[in-house]
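Breakdown of the fold
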Amino acid sequence: MPKLRCLGRRFWIAPLLMMISVLCGAQAPVPEPATDQETELGQEVYNELRDKGEIVESSPLYATLKPIADSISRVAQSRYPHPFKFYLVHERQPNAFATPGGNVYVVDSLLYFVKNTEQLAGTLCHEVSHTIHRDSISLMEKRNAIKRHEIEAAILLGPTRAHILAIALLGDLHSLGYSREAESNADITGSDICAEAGYNPWGLVWLFDEFQHADTRQIPQLLSDHPANGTRIETLKKHFRDNPDVFAKFNSDPKSATPFNVPKDAAEQFLRSGAN
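Thresholds applied
- Residues numbered from 1 in each chain as written.
- Predicted model: local features only at pLDDT ≥ 70, side-chain atom pairs only at ≥ 80, totals over all residues.
- Heavy atoms only, no water.
- Helix = DSSP H or I, 4+ residues; strand = E, 2+ residues; numbered from the N terminus.
- Buried < 20%, exposed > 50% of the residue type's maximum accessible area, 1.4 Å probe, protein only.
- Pairing = 2+ DSSP bridges.
- Axes fitted to C-alpha atoms, helices over the stretch in contact; angles between N-to-C directions.
- Contact = heavy atoms within 4.5 Å.
- 1 Å grid on protein atoms, 1.4 Å probe; cavity = no way out; pocket = protein on both sides within 12 Å on 5 of 7 lines; lining within 4 Å.
- Points joined across faces, edges and corners; volume = space filled by probe spheres on them.
- Nonpolar A, V, L, I, M, F, W, Y, C, P; charged D, E, K, R; others polar.
- Phe/Tyr/Trp six-rings, centres within 6.5 Å; stacked < 30°, edge-to-face > 60°.

Attention shifts here to the environment of Gln-93. Mapping Gln-93 onto the fold places it in the loop between strand E2 (85–89) and strand E3 (96–98). Residue class for Gln-93 comes out partly exposed when judged on its relative accessible area of 22%. C-alpha of Gln-93 to C-alpha of Val-107: the two residues are 14 residues apart in sequence and 7.6 Å apart in space.

Here it is, written out as structure tokens:
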């Protein structure tokens, strides 16, 4: 009888541990403490999204996103001094965007929008590359006609001014503010990161190809630079041809893609103002 009880205990302990593991992976990461100008600005963007009730605190979707995000982070981390952290947010249009300090925000509907793992990985690698290139800081300098030292000085003056800058940055990130050169450079670096992480870098090309003639109201903002998508595709293809040692092993046929499955109508719990 003791042996049977032991077996029974093992029987329910294993599923319990598995459930705990899944639940732990289904949580938003803990924000990085503000230690410099970039993390300070990133924290203010996080606070703004949290206060608007857009950040998903827990959802089974995190368990789907996390393995891909972790693989990309392991490769990309050496290129940036702060940890990359991926957050799900709820907004109307499928999208992803990155902010200073290492935070990458993935709109929940994007996980239902992409058709394969490679398309999602390509999108995440692209956004991580914007952070590595510090494109959001450059965007603020350009769009708000302020220099880098003025951004730093404003943050040092206190959270109110930093919060204003964060709101301005969010507006820029949601209005396709990056130049075509910045987008193309993020495509190139993103493809390198994808390849090193083991994801087929053709995923972003497939995404561009698929929506070249699609209704722009139905596609992610990442792809809404419609007239330039053809150029971005050709730039990526040239990069692949010029670096056969890295890219020749990857299949360009979208039929080789890895199906991407997410829980249907996954539940979501949102962060409340005052949390974290």
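With that settled, the discussion passes to the sheet that holds E3. Spatially, E2-E4-E3 is the arrangement adopted by the three strands of the open sheet, whose pairing is mixed. Two strands close off the open sheet at either side, each with one partner strand: E2 and E3. Neighbour-to-neighbour, the strand axes of the sheet open up by a mean angle of 20°, direction not taken into account. Direction of pairing for E2 relative to strand E4 (residues 103–107): parallel, over a ladder of five bridges. When the bridges of E4 are listed, Phe-86 appears paired with Val-104. Here helix H2 (residues 37–51) sits on the sheet and contacts E2, E3 and E4; the angle it forms with E4, its principal contact strand, is near 30°.

This part takes up empty space enclosed by the protein. Over the atoms a probe the size of a water molecule is rolled, and this reveals where empty space is left. Applying the stated criterion to the full structure yields two cavities of 30 Å³ or more. The space that makes up the second largest cavity amounts to roughly 60 Å³. If you trace the second largest cavity, you find it lined by Pro-31, Glu-32, Thr-39, Gly-42, Gln-43, Pro-100, Gly-101 and Asn-103. The element contributing the most residues to the lining of the second largest cavity is H2, with three residues.

Here we take up the layout of surface pockets. In this model, the largest pocket occupies a volume close to 180 Å³. As for the largest pocket, its lining consists of 12 residues, of which Pro-29, Lys-66, Ala-69, Asp-70 and Phe-86 are closest to the centre. Breaking the lining of the largest pocket down by element, the ones donating at least two residues are helix H3 (60–76) and E2. It is H3 that contributes the most residues to the lining of the largest pocket, six residues altogether. Split into classes, the residues belonging to the lining of the largest pocket amount to six nonpolar, three polar and three charged.

Enumeration according to the criterion identifies six aromatic pairs in this entry. Measuring from ring centre to ring centre gives 5.5 Å for Tyr-87 and Tyr-105, while their planes differ by 25°; the resulting arrangement is stacked. With Tyr-87 in strand E2 and Tyr-105 in strand E4, this residue pair connects regions lying 18 residues apart in the sequence. The same class applies to Tyr-87 as to Tyr-105, namely buried. Put simply, the rings of Tyr-46, Tyr-87, Phe-97 and Tyr-105 touch in pairs and so form one group of aromatic residues.

Honestly, that's just the spatial picture; any functional story needs more than this.
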